[in-house]
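The lines below spell out each chain.
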Amino acid sequence: MSVENKSVSRSRELKVYIETYGCQMNLADTEVVLSIMNKSGYSPARTLDEADVVLLNTCSVREHAEEKIHQRLHTIRKELSTRPDLVVGVLGCMAERLRTNLVERHKVDVVVGPDEYRKLPQLVDGAFSGTQGIGVRLSRTETYDDIVPFRADGVSAWISVMRGCDKFCTFCIVPFTRGRERSRSLDSILREVEGLVNRGFREVTLLGQNVNSYRDGTNDFADLLSAVADVDSTLRVRFTTSHPRDLSDKLIDAIAGKDNLCKYIHLPVQSGSNRILKAMNRTYTRERYLDLVKRIRERIPEVALSTDIITGFPTETVQNHQDTVSMMEQVCYDGAYMFKYSPREGTPAHKLGDDVPDDVKTERLNEIITLQQKISFDLNQNLIGRIVEVMVDGRSKKSDQQLSGRTDANKTVVFPVGPIKPGDIVKVKISRASAATLFGEGSVASN
Ligand code: SAH
Ligand code: SF4
Ligand code: F3S
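Residues numbered from 1 in each chain as written. Chains lettered and ligands numbered in written order. Predicted model: local features only at pLDDT ≥ 70, side-chain atom pairs only at ≥ 80, totals over all residues. Heavy atoms only, no water.

Regarding the domain arrangement of the protein chain
Piece 1. Looking at the assigned domains, one finds that the protein chain contains domain 1 (14–135), domain 2 (151–262), domain 3 (291–381) and domain 4 (387–445).
Piece 2. Relative to domain 2, the C-alpha centre of domain 1 lies at a distance of 27 Å.
Piece 3. The interface of domain 1 with domain 2 comprises 15 residues on the first partner and 14 residues on the second.
Piece 4. Carbon and sulfur atoms make up 60% of the area that domain 1 and domain 2 hide from each other, which totals about 1,300 Å².
Piece 5. Looking only at domain 1, the three residues that lose the most surface to domain 2 are Gln24, Met25 and Glu31, adding up to 40% of its buried area.
Piece 6. Viewed at the interface, domain 2 and domain 1 are joined by five salt bridges.
Piece 7. For the salt bridge of aspartate 29 with arginine 163, the shortest nitrogen-to-oxygen distance reads 2.8 Å.
Piece 8. Joining domain 1 to domain 2, the criterion identifies six residue pairs in polar contact (both at pLDDT 80 or more).
Piece 9. Contributing elements (two or more residues each) for the side of domain 1 that touches domain 2: α1 (24–39) and α3 (92–98).
Piece 10. For the side of domain 1 that touches domain 2, the leading source of residues is α1, giving seven residues. (Domains from an automatic or database assignment. Contact = heavy atoms within 4.5 Å. Buried area = accessible area lost by both parts, 1.4 Å probe. Salt bridge = Lys/Arg side-chain N within 4 Å of Asp/Glu carboxyl O. Polar contact = N/O pair within 3.5 Å; in protein donor to acceptor, adjacent residues only side chain to side chain. Helix = DSSP H or I, 4+ residues; strand = E, 2+ residues; numbered from the N terminus.)

Structural notes on the packing of helix α11 (residues 286–299) against helix α12 (residues 318–331)
Piece 1. In contact at an axis separation of 11 Å, α11 and α12 are set at 10° when each is read in the N-to-C sense. Taken as axis vectors, α11 and α12 run roughly parallel relative to one another. Contacts between α11 and α12 pair Arg286, Tyr289, Leu290, Val293 and Arg297 from the former with Asp323, Ser326, Met327, Gln330 and Val331 from the latter.
Piece 2. Residue composition of the contact of α11 with α12, by class: five nonpolar, two polar and three charged. (Axes fitted to C-alpha atoms, helices over the stretch in contact; angles between N-to-C directions. Parallel < 35°, antiparallel > 145°, perpendicular 65-115°, else oblique. Nonpolar A, V, L, I, M, F, W, Y, C, P; charged D, E, K, R; others polar.)

Digging into the sheet that holds strand β14 (residues 264–266)
Piece 1. Reading across the sheet, the three strands line up as β14-β15-β16 and stay open at both edges, with parallel pairing between neighbours. The open sheet is flanked by β14 and β16 (335–340), the only strands paired with a single partner. Strand-to-strand twist across the sheet, computed as the mean angle between neighbouring axes with direction ignored, equals 10°.
Piece 2. For strand β15 (residues 304–311) and β16, the ladder comprises six bridges, and the chain directions are parallel. For threonine 311, the partnering residue across the bridge sits in β16 and is lysine 340. (Pairing = 2+ DSSP bridges.)

Quick word on the packing of α12 against helix α13 (residues 358–381)
Piece 1. Where α12 meets α13, the axes come as close as 10 Å, and the angle between the chain directions of the two elements is 10°. Put simply, α12 runs roughly parallel to α13. When the axes of α12 and α13 are compared, the crossing they make is right-handed. Across the interface between the two elements, Val318, His321, Gln322, Val325, Met328 and Glu329 of α12 pack against Arg364, Glu367, Ile368, Leu371, Gln372 and Ile375 of α13.
Piece 2. In the contact of α12 with α13, the residues fall into six nonpolar, three polar and three charged. (Left-handed = near helix turned anticlockwise from the far one by under 90°.)

Structural notes on the site of ligand 3
Piece 1. As a matter of local geometry, ligand 3 sits amid Cys23, Asn26, Thr58, Cys59, Ser60, Val61, Cys93, Val174, Arg178 and Gln209.
Piece 2. Class assignment for the residues of the shell around ligand 3 results in five nonpolar, four polar and one charged. (Near = heavy atom within 4 Å.)

Brief notes about the pattern of salt bridges
Piece 1. Applying the stated criterion across every chain yields a total of 40 salt bridges.
Piece 2. Ionic pairing is found between glutamate 66 and arginine 97, a salt bridge with its closest N-O pair at 2.7 Å. One end of the pair, glutamate 66, is in helix α2 (residues 63–79); the other, arginine 97, is in helix α3, and 31 residues separate them in sequence.
Piece 3. Relative accessible area serves as the criterion here: at 25%, arginine 97 is assigned to the partly exposed category.
Piece 4. Linked by salt bridges that have partners in common, Asp29, Asp115, Arg163, Arg178 and Arg182 make up one network. (Buried < 20%, exposed > 50% of the residue type's maximum accessible area, 1.4 Å probe, protein only.)

Focus: the nonpolar core
Piece 1. Of all hydrophobic cores here, the largest spans 55 residues; its most connected members are Val161, Phe221 and Ile296.
Piece 2. Sort the elements by how many residues they give to this core and helix α8 (residues 221–231) lands first, with seven residues.
Piece 3. Structurally, this core is a two-domain feature, drawing no fewer than three residues from each of domain 2 (151–262) and domain 3 (291–381).
Piece 4. The residues touching phenylalanine 221, leaving out its near neighbours within four places in the chain, are Val161, Leu206, Val211, Asn212, Tyr214, Phe239 and Leu251. (Core = buried A, V, L, I, M, F, W, Y, C linked by side-chain atoms within 4.5 Å.)

Side note on the site of ligand 1
Piece 1. Ligand 1 sits among 15 residues. The nearest are Gln209, Pro268, Gln270, Asp308 and Ser342.
Piece 2. Measuring from a nitrogen atom of ligand 1, one finds a backbone N or O atom of glutamine 209 at 2.8 Å.
Piece 3. Separating an oxygen atom of ligand 1 from a side-chain N or O atom of aspartate 308 is a distance of 2.6 Å.
Piece 4. About the coverage of ligand 1: the protein hides 89% of its 540 Å² of free accessible area.
Piece 5. The set of elements that each furnish at least two residues to the shell around ligand 1 consists of β15 and β16.
Piece 6. Among the residues forming the shell around ligand 1, the class breakdown is six nonpolar, four polar and five charged.
Piece 7. Split by domain, the shell around ligand 1 shows at least three residues from each of two domains, domain 2 (151–262) and domain 3 (291–381). (Areas by Shrake-Rupley, 256 points an atom, 1.4 Å probe, with all protein chains shown as cover.)

Here is the structure:
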């Protein structure tokens, strides 16, 4: 395959600009990609205008996510018609799913899936001399274990600890775009965390599609989490995502046992109906999930729980939807990410059709969004008058006179500016609360 020759002189350093879409795994992968590109002489661009290479790291989880990328590619091609020298590439889950279709539809120069990023510099080099580059093979072993992600200094860092997913929930494209489950070595993760602490990072989030399946020899995820927490007892340690089926009592005890392991668990439920859970291949029942929540709350009374919910899965009845509503009321989640079911070609659920009409999905979605807002609002009202520990992220987006930070339970707190800097932990008295934000009166340094 050959495209027109891109006449860029290699006498100057080439710059790469990456736009990242989708989940935190993609954010973490973008840092790996920047590191790989940097080693081959491509430095990061601050804006698209100064870039020689633009890469979109994409998501396929719902149709809407993909539509956004198609539009973006269309715009990039149109706006940059005056820049025939620009190399345009697609990375991530859409690259894996759509492969050469992307080349045909958008005339992109490179298409590289999540397990082939090591090939990217070579493929981009090739694109400059007119060769289209495709790398979409999935791997059973690639973890990028030896690559130190390219990160700007900051307070919070993402660390990918495992890749892929073997769960095959029937609605989900991820096992097809990310391949089989595999874990990084415990040692390399600890070295990465030490490096981050030395650079001044104050919070890390361990990432995987199902972190509970992490394994390195005899070490499981609870061992990894405890070891990371022991690197620095003042470092805040978080993780996401947990599959309810695999969250062990050992892990619950580990979280309960260490102060710097945040008391916050994202525990996607997807539906409150046993029939739908079975059709989704979630491998737990409503009762088992509720029992898990009970055990978590017994051992970690202050824990915050959040979830993911899908409305309008094929064959979902009014009663099944009501089961989800009652599940939300029973668990009282601190937060929820809620989605309309989107059929994905190639997944088992795709064969079931998409029989819940869109307006019904929307109605059900709106109902649970309203319910969750009320639950979050009520839970947050209980915090008024309480003093909470907040890690400062920076200035609030809405006002220069306010700072913004997060509690251990990952709730956003906005409070007046004081002599404190990002990464500091301060005590803030909560005076007011909405469903999404807590507002504080003042702050004192915490020790
Ligand atoms: N591994 C994570 C989820 C990754 S996808 C986990 O199991 O929690 C994030 C969320 O997107 C899922 O939890 C699910 O709620 C939603 N999702 C996945 N596929 C979807 C689809 N086809 N339609 C609508 N929502 C979907
Ligand atoms: Fe998808 Fe299920 Fe795997 Fe999550 S656990 S990534 S929802 S298949
Ligand atoms: Fe999207 Fe791929 Fe993440 S489909 S949610 S970017 S794993």
